[in-house]
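Spelled out, the chains give:
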Amino acid sequence: MSEIYTVPSRVTAGSPNAITDLDAYREHWAKAQRDPDGFWLRETRSRIAWRTPPTQGLEGNYHDIAEGPIRWYADGTLNVTESCLDRHLSDRGDKVAILWEGDEPSDIQRITYRELHAKVCQASNALKAMGVGRGDRVIIYMGMVPEAAVAMLACARIGAIHSVVFGGFSAEAVRDRCIDCDAKAIITQDEGLRGSKTIPLKATVDAALESGGPVKQVLVFKRTGGEVGWTEGRDHWWHEVVDSASTSCEAEILGAEDPLFILYTSGSTGKPKGVVHTCGGYITYTSYTHETVFDLREDDVYACVADVGWITGHSYIVYGPLANGATTLMFESIPTYPDAGRYWDMVARHKINIFYTAPTAIRALAAQGDDHVKKHDRSSLRVLGTVGEPINPAAWEWYYNVVGEGECNIVDTWWQTETGGIAITPIAPATPTAPGSATLPMPGIMPQLMTPEGRVIIGPGEGLLCLAHPWPGQARTVWGDHPRFVKTYFEHFPGLYFTGDGCKRDELGYHWITGRVDDVINVSGHRMGTAEFESVLVSQGAVAEAGVVGFPHPIKGQGVYAYIVLEPGQTWSDDVVAALNQACREQIGAHAKVDLYQHVPGLPKTRSGKVMRRILRKVAEGEPEALGDVSTLADPSVVEAIIAGAKSV
Ligand code: WTA
């Protein structure tokens, strides 16, 4: 058994809805299990500004999901921006909604709820004038500027469906997403700015649209003033069309199950899929989890340093915090600019109470030594969150002891793009923690561990993590491809949602996520599909075959390992590597980097021609002695060559 840390006294429950201790947690969890409809109807009515409050809870179930998506609150109507903005105007109008810190630490904006409401209305009116309306899809391709949140909320206000694409993705990735969701417009900015480097966002959009496609309008926010290309009639400056628009805009009233956004995410096969979240359930679940997990209090300064290009930014920078009337920080820069103390300097200057980041950042900063932390006052901190990948106990301890000085509770929050919000996690004031464990399920979440053969594991054990009952925040479908949604998540174990993660459960009932069990690699908390890499690599003329797997990486969590078989007559050289790197950058994005290449004579295959990925994984993980049964190999000499030439960082 690992060491258990009791909740430090600074973390004692403070918000009116707090789950105060473990007994209270168990009571909430049991209530949600006994009567999920009653539980979630009560939660939504007390926290969300419905136009027509719903009377229905859940419709549908996992067994019948092939017939159509599950539904929550189906008879309710709302616009989520009324929960995030309008209803705060009377009592929180002058409270800071978005506290923005730009690339330079001195570049600060404080946007109140009243100002944010006005900006969102202006952007809504501008989008309408561009011909964007209810049900239309809009791609948002921006850096971390407040206008990115304004753009998301403006889409939501007029009933358009946004799809934020992380600003590191390539023109091809942007183009693919525009085509997949048939986007009518893109909202972007001239350039992004991170760590004093510019990112050519508008130029990438131009390249994405070069070959035509569905996008007819581009709205461009001016961030740096850098030179950009311009297409008359298609491109509009934000400062020209948004800033002059009316500051009032009636919200479009939508059904609870109308889509709010699409977010593309990598899976084990094929191209990224457009995960669809809907209005009523998503806003309820993000509001509930954000308040409960962090024990959010009215005067808290809350900082999640993720990017709005990922689900964490959607749920825990924008929607959850704004629904809760919180002051939410948006951070444009990187943790090491101007130095490795940037986060803690921000904590001191803004008196941040709740800080939420990823294990990869914690590991990278821990490697820079404690001085960068200690020279900044962190006494305002109460809750420290982590998300995105398993956190190793050493990084956890550093976060707890050095950053939190043993006075803050660590909430290791496990969840996914598909879960919409935090699913397994300590609740800050209630749950004793254990370094490396995401601990216990949120009320409404019913984890079940399964053996690969489909047997339920009762009590302590290790298996495949499934969730047994729907909750309001979960994804409803894959955009344009419901059968793919069903196949990906509901066919492995009929009646269960399969997460793709492995998990151990100990004697306390605590959950320890062991990582992906499928062909998804989690690099610095970013999900990458091995199939995406492989299809880029084999598209290069010199390459005959490619096999890509993950391997343990000291900072990134996982790194990308590529086995390359060349076409006959080709030779392995630095030029080949450079070409492959460039192809990944151009076809996926700047964050898609192969860490280790190994040139091999062939891939290990069975006699029926199937690649034995297990062998590729074990060699990349540095465990060639653990290959297991290799009797079905067509050509054992290939494996000997692979083992002999294995690379490591
Ligand atoms: C992993 C991010 C261990 C997991 C919100 C999951 C985690 C994938 C944790 C989802 C955690 C996320 N501990 N693993 N606390 N949080 N993961 O969709 O493998 O970008 O399936 O959502 O990240 O990544 P996604």
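Everything discussed here concerns the structure shown above.
Now for a description of the structure that goes with this document.

Thresholds applied
Numbering of residues starts from 1 in each chain and follows the order in which that chain's sequence is written. Where local features are concerned, this predicted model is filtered to residues with pLDDT of at least 70; where side-chain atom pairs are given and counted, the filter is 80 or more; whole-chain, interface and lining totals use all residues. Side-chain metrics in this entry use all non-hydrogen atoms of the structure; hydrogen atoms and water are not considered. In this text, near means that some heavy atom of the residue lies within 4 Å of the molecule or strand in question. Only the protein chains shown count as cover for residues, and the accessible areas themselves come from Shrake-Rupley with a 1.4 Å probe. To qualify as a helix, a DSSP run of H or I must reach at least 4 residues; to qualify as a strand, a run of E must reach at least 2; elements of each kind are numbered from the N terminus. Categorising residues by exposure relies on relative accessible area from a 1.4 Å probe, with only protein chains included: less than 20% of the type maximum marks a residue as buried, more than 50% marks it as exposed, and the intermediate range marks it as partly exposed. By the convention used here, residues are in contact when the closest approach between their heavy atoms is within 4.5 Å. Only the six-membered ring of Trp is used, alongside the rings of Phe and Tyr, when aromatic pairs are assigned; centres must lie within 6.5 Å, and planes under 30 degrees apart are stacked while those over 60 apart are edge-to-face, with the rest tilted. Both a distance and an angle decide whether a charge sits over a ring: NZ of Lys or CZ of Arg must be within 6 Å of the ring centre and within 35 degrees of the ring normal. The nonpolar core is taken to be a set of buried Ala, Val, Leu, Ile, Met, Phe, Trp, Tyr and Cys residues, with the residues joined through side-chain atoms within 4.5 Å. Pairing between two strands requires that DSSP report at least two bridges joining them. For crossovers, right-handed means that the path from the first strand over the helix to the second runs clockwise, given strands pointing away from the viewer. Helix axes use the C-alpha atoms of the stretch in contact, all axes being lines fitted to C-alpha atoms, and the angles between their N-to-C directions lie in the range 0 to 180 degrees. What sets the label is the angle itself: under 35 degrees gives roughly parallel, over 145 gives roughly antiparallel, 65 to 115 gives roughly perpendicular, and the rest give oblique. Residue polarity is assigned by list, with Asp, Glu, Lys and Arg as charged and Ala, Val, Leu, Ile, Met, Phe, Trp, Tyr, Cys and Pro as nonpolar; anything else, Gly included, falls into the polar class.

1. Digging into the site of the ligand
By nearness alone, 17 residues border the ligand, and Asp412, Thr417, Asp501, Arg516 and Arg527 come closest of all. Bound to the protein, the ligand loses 97% of the 530 Å² it would expose on its own. At the level of secondary structure, the elements contributing two or more residues to the shell around the ligand comprise helix H11 (311-323), strand S21 (409-413) and strand S27 (511-516).

2. Remarks on helix H13 (residues 359-366)
Two residues of an α-helix separated by three or four positions point the same way, owing to the 3.6 residues in each turn. Counting buried positions over the eight residues of H13 gives six, a clear majority of the element. All buried positions along H13 are accounted for by Pro359, Thr360, Ala361, Ile362, Arg363 and Leu365. The secondary structure elements touched by the buried residues of H13 are helix H12 (342-350), strand S19 (354-357), strand S20 (383-387), helix H15 (393-403) and strand S31 (557-566).

3. Points about the packing of aromatic side chains
Throughout the structure, instances matching the rule amount to 36 aromatic pairs. Above the face of the phenylalanine 169 ring, arginine 177 is positioned so that its terminal group lies 4.5 Å from the ring centre.

4. A word on the nonpolar core
Counting 115 residues, the largest nonpolar core has Leu116 and Tyr319 as the members making the most contacts within it. Residue contributions to this core peak at ten residues, all from helix H6 (residues 146-158). By size, the runner-up hydrophobic cluster in this structure holds 48 residues, among which are Val165, Ala208, Met528 and Ile564.

5. Some remarks on the sheet that holds strand S24 (residues 461-467)
Here we have five strands laid out as an open sheet, ordered S23-S22-S24-S26-S27, and antiparallel in their pairing. The two strands at the open ends of the sheet, each matched to only one other strand, are strand S23 (456-457) and S27. As paired strands, strand S22 (residues 447-450) and S24 are joined by four bridges and run antiparallel to one another. Looking at the pairing, leucine 449 lines up with leucine 465 of S24.

6. A short note on the pairing of S21
Counting buried positions along S21 yields five of five residues, so the element is predominantly enclosed. Neither face of S21 is exposed, since Asn409, Val411 and Thr413 on one face and Ile410 and Asp412 on the opposite face are all buried. The pairing of S20 with S21 spans five bridges and is classified as parallel. Paired with valine 387 across the bridge in S21 is threonine 413. In this region the chain leaves S20, passes through H15 and returns to the parallel neighbour S21; the handedness of that crossover is right-handed.

7. A word on the packing of helix H10 (residues 279-294) against H11
One can describe the packing of H10 onto H11 by two numbers: an axis separation of 8 Å at closest approach and a directional angle of 90°. Looking at the two axes, H10 sits roughly perpendicular to H11. Mapping the contact onto sequence places Tyr282, Ile283, Thr286, Ser287, Thr289 and His290 in H10 and His314, Ser315, Tyr316, Tyr319, Gly320, Pro321 and Ala323 in H11. Its residues assigned to classes, the contact of H10 with H11 shows six nonpolar, seven polar and no charged.

8. Quick look at helix H8 (residues 201-209)
Of all nine residues making up H8, seven are buried, and the element is well covered by its neighbours. The complete set of buried residues in H8 reads Leu201, Lys202, Thr204, Val205, Asp206, Ala208 and Leu209.

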